[in-house]
Each structure stands twice: as structure tokens, then as C-alpha cells.
Amino acid sequence: MEQKKQVRIVPMSPEHLDEIAALEKVCFSAPWSRNMLAEELDNACSAFLTALDETGRVVGYAGLQVILDEGYITNVAVRPEDRQKGVAAQLLQVFINFAKGNRLSFLTLEVRPSNTAAIVLYGHHGFRTAGRRKNYYELPREDALIMKLEFNYGTENGDASGTEGGL
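Okay, so let's go over this structure. (Residues numbered from 1 in each chain as written. Predicted model: local features only at pLDDT ≥ 70, side-chain atom pairs only at ≥ 80, totals over all residues. Heavy atoms only, no water.)

## Some words on unusual backbone geometry
That bond from Leu 139 to Pro 140 is cis: its omega, 0°, falls within 30 degrees of zero. Its place among the elements puts Pro 140 in the loop between β6 (128-137) and β7 (142-150). Phi at Leu 68 is positive, roughly 55°, even though this residue is not glycine. Mapped onto the elements, Leu 68 comes out in the loop between β3 (58-67) and β4 (70-78). Positioned with a positive phi, Gln 84 is a non-glycine residue whose angle comes to about 65°. By the secondary structure assignment, Gln 84 is in the loop between β4 and α3 (87-101). (Helix = DSSP H or I, 4+ residues; strand = E, 2+ residues; numbered from the N terminus.)

## With respect to helix α4 (residues 116-124)
Two residues of an α-helix separated by three or four positions point the same way, owing to the 3.6 residues in each turn. Every buried residue belonging to α4 is among Ala 118, Leu 121 and Tyr 122, and all of these are buried. Projected down its long axis, α4 carries its buried residues within an arc of 95°, all on one side. Considering only its buried residues, α4 is in contact with β4, α3, β5 (106-111) and β7. Gly 126 lies just past α4 and shows a positive phi near 95°. (Buried < 20%, exposed > 50% of the residue type's maximum accessible area, 1.4 Å probe, protein only. Arc of directions from axis to C-beta. Contact = heavy atoms within 4.5 Å.)

## Some details on the packing of aromatic side chains
If you walk through the whole model with that rule in mind, you get five aromatic pairs. Geometrically, the ring pair formed by Phe 48 and Tyr 61 is stacked, given 6.2 Å between the ring centres and 20° between the ring planes. Taken together, the positions of Phe 48 in strand β2 (residues 46-52) and Tyr 61 in strand β3 put the pair 13 residues apart, joining distant regions of the chain. Note on Tyr 61: relative accessible area 0%, which makes it buried. A network of ring pairs unites the aromatic residues Trp 32, Phe 48 and Tyr 61 as a single cluster. Geometry around Phe 106 places Lys 148 over its ring, the cationic atom sitting 4.3 Å from the centre. (Phe/Tyr/Trp six-rings, centres within 6.5 Å; stacked < 30°, edge-to-face > 60°. Lys NZ or Arg CZ within 6 Å of the ring centre and 35° of its normal.)

Rendered as C-alpha cells:
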């Protein structure tokens, strides 16, 4: 990995939409539209983060939807010239910290099996392959790997103290 890029991570706001929509077109074969991104600003279940460089330019962004105690990472995108510099890792870490702080059961996401760099990044953050969605992606047609990071808070047996029967 090259030297880590210093970014400031902020919530996505209306002034970021044009740059993020342009980034979507560069990164994905089926990009979200500007309107789709704008709708997420009003979605109480969504949290979208923007990574800004020292000039305030959008270099990456990521989206998360939370339903009950489950977190679904919808998008992670970084400008091609800023990849391999820790931008995606920084965005991902904010979501992991959020998930832990809010005691989510898990975070999950889909990734192309051909996207080795992303799979390695997610693996380094504790995500493991949990399944496959056949023909999930188009242009080119490809399955999706479902990757999941589960959180264990010590309550799986209903005993949060970790002891039986008390003192």
C-alpha cells in the first residue's frame, strides 16, 4: 500500500452530490444516479459518508443502511487515482466503529469476486464470505460474494455477565 492519504470524513451533504454521482459513474457499471443519492439524505435508515482531501474535493464515499440491529453497506467508492491509499479503509472503519457503538449484530456487503483488492480490504477488517448471489452484477455479468462481519457481545446464551448463577 502507498502512503496513507489524509482525508476528512464527513456526512454526505447536498454539495457533495455532483462529485459523488460522477464518482459512481467512474467506479460502477450500474451507477446510482444523483437523484438516488439525494434521496439517501432524507432516509432515516441511511448514513452516507464522504472522504474529502485537503482541498475539499471528494475522493471517496460509502453508504450504510441500518435496519433494526443489522447494517448493510451499500456502496464504497474511491477515485481511481486515490486507491490503495487507505481511503476506503478509513470509511469502512467509521462504519465498523458505528456498528460496535450501536451494538449492531453484523455488517454485510456484496462484492464482485473479481474485485480482489476490495475482498482483501474487507478481509483485513474481519469480513468473511457468507454466501453468493448468482448473476447479481451486470456489465459484465458476475456473481456477488456476500461478505459479513459479525459482532459478538457475549450475550448469545442470554447471560451478559459471562457467569452462571451469580456470586
